[in-house]
Amino acid sequence: MDPVGVTAAPETGPSPAWQNKCPWGTPKHAAISCCLADVMSEQLAKELQLEEEVVAFPEMVIVAEGPFITGENTDTSSDLMLAQMLQMEFDREYDAQLRREEKKFNGDSKVSISFENYRKMHPYEDSDSSEDEVDWQDTRHDPYRADKPTTTPKKGFIGKGKEITTKHDEVVCGRKNTARMENFGPDFQVGDGIGMDLKLSNQVFNALKQHAYSEERRSARLHEKKEHSTAVKAVDPKTRLLLYKMINAGILETITGCISTGKESVVFHAYGGKMDDKAVPPECALKVFKTTLNEFKNRDKYIKDDYRFKDRFSKLNPRKVIRMWAEKEMHNLTRMQKAGIPCPQVVMLKKHILVMSFIGQDQVPAPKLKEVKLSSEDMKKAYYQILHMMQQLYKECSLVHADLSEYNMLWHEEKVWLIDVSQSVEPTHPHGLEFLFRDCRNVSQFFLKGGVSEALNERELFNAVSSLNIAADNEADFLAEIEALEKMNEDHVQKHGKKSPFSSDGDPPIIYDE
């Protein structure tokens, strides 16, 4: 049977209004007829898609990555070929979607981001590199990595005649030494010399090798030292364990935090608990002496010549020196407390942790004399208090503070309190009088600057405290007299094998002047 074609009748005039409004009416422009093969052509679909993308993104030039594989020129019976075709088409669609997302995300911003790294297909046209340029990330050869030096065969040489080269050749050994620098530790910086044709001599390489090993051992020692020593506001595990034991024993209720740091110790605030043999203050200060001597290396002169600790001093054991330093402050505070000098009350000593009463209120420490602003009357009152305390410290306690200044004096409850007496020594110390003169200088300069006209100068204050009545016209002669007295006193102590005794009427220790 012949196919019957259905054609529309030709228009003889203008169409009625109902025909223009009716959706089933004859269209004004008849659609171009095409065959089913053209409609199903993927090449046509690809061209339409490219046209849509050009219209949507006119500034982006989309270049087709080669003609799409169609069924006319390719055998589609292979499943592998079909899978590759589908995967390629999916990658292209995915990249187009990324471009749209990138355009939407960036907008008109001057700073834009790129999704180039997430694209499935990277066309050659998008690359800025030239044809002769090599992508070093995609190759096994790294131009910045030194080529391995040629190995020498077992016979010990290569070449013949005049071109012979042995394994001891200077150039060969130099290149081998340069390549061996890669074996150094990661912390040892060798620079970018490996990528160059460097030739290190054996002497230079051995020196670098020894230095690398030394740096590695030093780094290990520093790491271990940090683990076993107190830091600025932290404590090592052993110190932390001691603090936990104090809390578990009920001596302390809780430790609130750090209130002061110094070159020799870290001070924490804590609320006191209770003890069986003595009362614990409501607020306590925990002075944790640092278990490293790096920040206060000159403490030896304060303790090795102190006759109370001379026999027990050991410079080779830092931990024992630290404990001895804490014990020294405890004994000095006990002497001062018995004499009635305002100072922290000692609660207990546990190795290098000294528990004392807290000078302050509600976790707020008392201000230092350097920080507080006093009136002229209070400054004068503070000066006479310090003068009286220095005399008490020298005559009744037989001690010299050795670090007395406005930084080690607190103002609390309208009076001065002395702190930090771990370095205090007896006047019979080989440098005791020098330390006393230094304290007198610090005190005199501070109060003279503070406007106290009644303040004595350092030489007058020294004589008022020590009652030695040294007469000298200038400071150099005064210090010479002090050194002479110290020398005579030291000779006398060495002869008798003990320190000079106290007099029965409470006078200061006798400074012998034979």
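Rules behind the numbers
Residues numbered from 1 in each chain as written. Predicted model: local features only at pLDDT ≥ 70, side-chain atom pairs only at ≥ 80, totals over all residues. Heavy atoms only, no water. Pairing = 2+ DSSP bridges. Helix = DSSP H or I, 4+ residues; strand = E, 2+ residues; numbered from the N terminus. Axes fitted to C-alpha atoms, helices over the stretch in contact; angles between N-to-C directions. Parallel < 35°, antiparallel > 145°, perpendicular 65-115°, else oblique. Left-handed = near helix turned anticlockwise from the far one by under 90°. Contact = heavy atoms within 4.5 Å. Nonpolar A, V, L, I, M, F, W, Y, C, P; charged D, E, K, R; others polar. Patch = residues over 30% accessible without salt bridge, like charges linked within 9 Å, V, L, I, M, F, W, Y side chains within 5 Å. Areas by Shrake-Rupley, 256 points an atom, 1.4 Å probe, with all protein chains shown as cover. Salt bridge = Lys/Arg side-chain N within 4 Å of Asp/Glu carboxyl O. Expected span 1.5 Å × (residues − 1). Buried < 20%, exposed > 50% of the residue type's maximum accessible area, 1.4 Å probe, protein only. Core = buried A, V, L, I, M, F, W, Y, C linked by side-chain atoms within 4.5 Å. Domains from an automatic or database assignment.

1. With respect to the sheet that holds strand 7 (residues 353-357)
- With antiparallel pairing, five strands are arranged side by side in an open sheet as 3-4-5-7-6. Because the sheet does not close on itself, it has two edges, and the strands there are strand 3 (252-261) and strand 6 (346-350). In this sheet, adjacent strand axes meet at a mean angle of 25° when their direction is disregarded.
- Across seven bridges, strand 4 (residues 265-272) lies against strand 5 (residues 283-289) in antiparallel orientation. Residue pairing in the sheet places phenylalanine 268 in a bridge with leucine 286 of strand 5.

2. Some points on the packing of helix 11 (residues 432-449) against helix 12 (residues 458-466)
- Their axes nearest at 8 Å, the elements helix 11 and helix 12 cross at an angle of 125°. The angle between the axes of helix 11 and helix 12 places the two elements in the oblique class. Where helix 11 crosses over helix 12, the handedness of that crossing is right-handed. Counted together, Leu433, Leu436, Phe437, Cys440, Arg441, Val443 and Ser444 of helix 11 and Glu458, Arg459, Leu461, Phe462, Val465 and Ser466 of helix 12 form the full contact between these two elements.
- Within the contact of helix 11 with helix 12, the residues separate by chemical class into eight nonpolar, two polar and three charged.

3. Let's talk about a nonpolar patch on the surface
- A surface patch of nonpolar side chains, amounting to about 340 Å² of accessible area, comprises Phe90, Tyr94 and Tyr118.
- Within the secondary structure, phenylalanine 90 is located in helix 4 (residues 79-106).

4. Regarding helix 10 (residues 376-395)
- Relative to the 28 Å expected for 20 residues at 1.5 Å per residue, helix 10 spans 29 Å between its end C-alpha atoms, a close match to the ideal helical length.
- Of all the residues in helix 10, the buried ones are Met379, Ala382, Tyr383, Ile386, Leu387, Met389, Met390, Gln392, Leu393 and Tyr394.

5. Side note on the nonpolar core
- Ranked by internal contacts, the top residues of the largest apolar core, which has 53 residues, are Ile386, Phe447 and Phe462.
- Mapped onto this core, the elements with two or more residues apiece are helix 9 (318-338), strand 7, helix 10, strand 10 (409-412), strand 11 (415-418), helix 11, helix 12 and helix 13 (475-496).
- When residues of this core are assigned to their parent elements, the largest contribution, nine residues, is made by helix 10.
- In this structure, this core is formed jointly by two domains, domain 2 (234-365) and domain 3 (367-495), each of which donates at least three residues.
- Counting residues in each nonpolar core, the second largest holds 17 residues, with Met246, Leu252, Val347 and Val355 among its members.

6. A word on the pairing of strand 6
- Bridge count between strand 6 and strand 7: four bridges; the pairing is antiparallel. Paired with methionine 348 across the two strands is valine 355, which belongs to strand 7.
- Between strand 6 and the antiparallel strand that follows it, strand 7, lie two residues; lysine 351 among them carries a positive phi value of about 60°.

7. Topic: the environment of glutamate 253
- Turning to its location among the elements, glutamate 253 is positioned in strand 3.
- Expressed as a C-alpha distance, the spacing of glutamate 253 and tyrosine 271, which sit 18 residues apart in the sequence, is 5.3 Å.
- Aside from chain neighbours lying at most four places away, what touches glutamate 253 is Ile247, Tyr271, Gly272 and Gly273.

8. What about helix 11?
- Taking 1.5 Å of rise per residue, the 18 residues of helix 11 would be expected to cover 26 Å, and the 26 Å separating its terminal C-alpha atoms lies within 8% of that figure.
- Listed in full, the buried residues belonging to helix 11 are Gly432, Leu433, Phe435, Leu436, Phe437, Asp439, Cys440, Val443, Ser444, Phe446 and Phe447.
- The positive-phi residue at the C-terminal boundary of helix 11 is glycine 451, with phi of around 95°.

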